[in-house]
Amino acid sequence: MRRGYEKMERYFGDYGGQFVPEILMPALNELEEAYDRVVKDESFWKEYRSLLENYAGRPTPLYLAKQLSEKYEARIYLKREDLLHTGAHKINNAIGQVLLAKCMGKKRVIAETGAGQHGVATATAAALFGLECAIYMGSEDMERQRPNVERMALLGAKVVPVGTGSKTLKDAINEAMRDWITNLQTTYYVIGSVVGPYPYPVIVRNFQKVIGEETKAQVLEVEGNLPDYVLACVGGGSNAAGMFYPFIDENVKLIGVEAGGKGPNTDEHAASLLKGKIGYLHGSKTMVLQDQWGQIKVTHSISAGLDYPGVGPEHTFWKETGRVQYEAVTDEEALEAFLELSRLEGIVPALESAHALAFVKRLRDREGKTIVVNLSGRGDKDLESVLNNPYVRERIL
Ligand SMILES: *Cc1c(COP(=O)(O)O)cnc(C)c1O
């Protein structure tokens, strides 16, 4: 663990840092050096941008949702990350990091995955660059997300079941870190969100900030002004960080929406920023859902991508400084928004993104305002679980 004069750059205020076993420090230092080199290399960014454009499908549209706007008496724009290759914003980061791995001379990439979205994005990028790929996934999640497991195998990745702990995402991260420590020479660890020890939160945010940069230019072009509100859902926090970062110094209200699960008065949620306490998770000092002894709690959300007991340290900093407002919506509110967007606009959103959409309804002072909602992904992966949900069955079947 390092402190002192380096504290400024390795931290967001008091959060972030590198709270890892000493054995991992050479890997983090190597990564930091490589990234610092790459940041200055125009040819790296040229290749990254070209792949985002020609392979992943950027820029994504900023769509004025007419019916939704009419209903909520505001101008509501959707940033269509759902239209990207593999169906979510995760590919922005996977392409960036796997390209970085390639530049570092690594032969193998590993990643953790919860719902399988980051695993699929990483397996896709690994196939693209011809690198060996192993994806760690909780055995519980493998059961719940069969199609994504098969997709990763199809892409040539090895999916490694993790049967420890709660057999979900946090356990998969632990196992991926263990693999990394053992295979430092050959292996690059692709983290899927703005979490983990420095420099990961910075690297991932910088590969995702293209979302906010595009949005800013697009909204200025059609509106002539910046939006009043920008909303994004927060799991680990990467789509929100990528969307918010370019607006941080602007006069725009930023709202991050967490998974409220079964409600604020239950223990079944994943609202780390609203209900957590400062702690340490996966190498970072940040808000964590933990018990009185600091043990990590089991979380719940209807959307697997938001079901994580921590959050990126930059969000904890933005919350503490009051720059970003954080809220939570329940499983039911998200389902309602999921159905509403499908019906009103012909767009089936990811359940994660439906959390951000759901907050529009609760937004006071929205009349006549310009609101951008980041549609982080598409809902195809969620159809089975949504259609089996009693709340939904009552309403549409
Ligand atoms: C993974 C995922 C999320 C949550 O991750 P963040 O790092 O918080 O963005 C949100 N939306 C979709 C579609 C996802 O796949």
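Here's a quick rundown of the structure.

Calculation rules
- Residues numbered from 1 in each chain as written.
- Predicted model: local features only at pLDDT ≥ 70, side-chain atom pairs only at ≥ 80, totals over all residues.
- Heavy atoms only, no water.
- Helix = DSSP H or I, 4+ residues; strand = E, 2+ residues; numbered from the N terminus.
- Rg over C-alpha atoms; globule rule 2.2 N^0.38 Å.
- Contact = heavy atoms within 4.5 Å.
- Areas by Shrake-Rupley, 256 points an atom, 1.4 Å probe, with all protein chains shown as cover.
- Lys, Arg positive; Asp, Glu negative; His and termini not counted.
- Charge placed at Lys NZ, Arg CZ, Asp CG, Glu CD.
- Expected span 1.5 Å × (residues − 1).
- Buried < 20%, exposed > 50% of the residue type's maximum accessible area, 1.4 Å probe, protein only.
- Pairing = 2+ DSSP bridges.
- Axes fitted to C-alpha atoms, helices over the stretch in contact; angles between N-to-C directions.
- Near = heavy atom within 4 Å.
- Polar contact = N/O pair within 3.5 Å; in protein donor to acceptor, adjacent residues only side chain to side chain.
- Nonpolar A, V, L, I, M, F, W, Y, C, P; charged D, E, K, R; others polar.
- Salt bridge = Lys/Arg side-chain N within 4 Å of Asp/Glu carboxyl O.
- Parallel < 35°, antiparallel > 145°, perpendicular 65-115°, else oblique.
- Left-handed = near helix turned anticlockwise from the far one by under 90°.
- Core = buried A, V, L, I, M, F, W, Y, C linked by side-chain atoms within 4.5 Å.
- Phe/Tyr/Trp six-rings, centres within 6.5 Å; stacked < 30°, edge-to-face > 60°.
- Lys NZ or Arg CZ within 6 Å of the ring centre and 35° of its normal.

1. Some details on the overall build of the chain
Link 1 in the chain: Across its full length, the chain holds 18 helices and 14 strands.
Link 2 in the chain: Rg of the C-alpha trace for the chain: 20 Å, near the compact-globule value of 21 Å for 397 residues, within the 12% margin.
Link 3 in the chain: Across its three principal axes, the chain shows a C-alpha extent of roughly 55 × 45 × 45 Å.
Link 4 in the chain: Considering only contacts in the chain between residues 6 or more positions apart, those separated by 24 or more positions represent 71%.
Link 5 in the chain: Just so you have it, the chain exposes about 16,300 Å², and 49% of that area is on carbon and sulfur atoms.
Link 6 in the chain: Of the side-chain charges in the chain, 47 are positive and 53 negative, and the distance between the mean point of each set is 1 Å.

2. Side note on helix α5 (residues 90-103)
Link 1 in the chain: Spanning 14 residues, α5 covers 20 Å between terminal C-alpha atoms, matching the ideal 20 Å at 1.5 Å per step.
Link 2 in the chain: Most of α5 is tucked away: twelve of the 14 residues are buried.
Link 3 in the chain: Within α5, the full set of buried residues consists of K90, I91, N92, N93, A94, I95, G96, Q97, V98, L99, L100 and A101.
Link 4 in the chain: Of the residues flanking the end of α5, it is G105, one or two places downstream, whose phi is positive at about 80°.

3. With respect to the sheet that holds strand β4 (residues 75-80)
Link 1 in the chain: The sheet built from six strands is open, its strands ordered β3-β4-β14-β9-β10-β13 with mixed pairing. Every other strand in the sheet has two partners, leaving β3 (62-64) and β13 (324-329) as the edge strands with one partner each. Looking at each pair of strands side by side, their axes are set apart by 25° on average, direction ignored.
Link 2 in the chain: Examined bridge by bridge, β4 and strand β14 (residues 370-375) share six bridges and lie parallel to one another. Within β14, the residue paired with I76 across the bridge is I371.

4. Focus: the site of the ligand
Link 1 in the chain: The environment of the ligand is formed by 18 residues, the closest being K90, S193, G237, S238 and S376.
Link 2 in the chain: Measuring from an oxygen atom of the ligand, one finds a side-chain N or O atom of S238 at 2.7 Å.
Link 3 in the chain: In the environment of the ligand, a nitrogen atom lies 2.7 Å from a nitrogen or oxygen atom belonging to the side chain of S376.
Link 4 in the chain: In the complex, 96% of the free accessible area of the ligand, which totals 380 Å², lies under the protein chains.
Link 5 in the chain: Here the shell around the ligand is composed, by residue class, of five nonpolar, eleven polar and two charged.

5. Digging into the pairing of strand β11 (residues 277-281)
Link 1 in the chain: Across five bridges, the pairing between β11 and strand β12 (residues 284-288) is antiparallel. Within the sheet, the bridge partner assigned to L281 lies in β12 and is S284.
Link 2 in the chain: Taken together, β11 and the strand that follows it, β12, pair antiparallel across an intervening segment of two residues, in which H282 is found at a positive phi of about 50°.

6. Section: the side chain of T86
Link 1 in the chain: Take T86: it is sitting in the loop between β4 and α5.
Link 2 in the chain: Here T86 is in contact with I91, Q117, V120, A121, T124 and R378, once residues within four sequence places are set aside.

7. With respect to the pattern of salt bridges
Between side chains of opposite charge, a pair can form as their charged atoms come close.
Link 1 in the chain: According to the stated counting rule, one finds 25 salt bridges in the structure shown.
Link 2 in the chain: A salt bridge links E32 to R10; the nearest nitrogen and oxygen atoms lie 3.1 Å apart. Taken together, the positions of E32 in helix α2 (residues 25-39) and R10 in helix α1 (residues 7-10) put the pair 22 residues apart, joining distant regions of the chain.
Link 3 in the chain: Accessibility expressed as a relative area gives 8% for E32, which makes it buried.
Link 4 in the chain: Ionic pairing is found between R395 and E394, a salt bridge with its closest N-O pair at 3.6 Å.
Link 5 in the chain: Linked through salt bridges whose partners overlap, the residues forming this network are R58, K79, E81 and E214.

8. Describing the packing of helix α3 (residues 42-56) against α5
Link 1 in the chain: Between α3 and α5, the shortest axis-to-axis distance is 10 Å and the interhelical angle comes to 140°. Between α3 and α5, the interaxial angle falls into the category oblique. For α3 against α5, the interelement crossing comes out right-handed. Residues F44, E47, Y48, L51, L52, Y55 and A56 of α3 lie in contact with α5, whose contacting residues are I91, N92, I95, G96, L99, L100 and C103.

9. Thoughts on the nonpolar core
Link 1 in the chain: Y48, L100, Y188 and Y189 are the most contacted members of the largest nonpolar core, which totals 64 residues.
Link 2 in the chain: Contacts of L100, omitting those with residues within four sequence positions, involve L31, A34, Y35, V38, F44, Y188 and I203.
Link 3 in the chain: The next biggest cluster of nonpolar side chains, apart from the first, holds 36 residues, and it includes A334, A356, V360 and V392.

10. Notes on the packing of aromatic side chains
Any two aromatic rings considered together are summarised by their centre-to-centre distance and by the angle between their planes.
Link 1 in the chain: A full pass over the atoms with the stated rule returns eleven aromatic pairs.
Link 2 in the chain: An aromatic cluster is defined as three or more aromatic residues linked by ring pairs; in this entry it consists of Y35, F44, W45, Y48 and F207.
Link 3 in the chain: For the cation-ring pair, R205 lies above Y245, with the distance from its terminal atom to the ring centre recorded as 3.8 Å.
Link 4 in the chain: The ring of Y391 carries R395 above its face, with NZ or CZ at 3.6 Å from the centroid.

11. Description of the packing of α3 against helix α6 (residues 117-129)
Link 1 in the chain: The geometry of α3 relative to α6 is characterised by a closest axis approach of 14 Å and an angle of 110° between their N-to-C directions. Comparing their axes, α6 and α3 come out roughly perpendicular. Two packed elements cross with a definite hand, and for α3 against α6 that hand is right-handed. Residue-level contacts link E47, L51 and Y55 of α3 to T124, L128 and F129 of α6.

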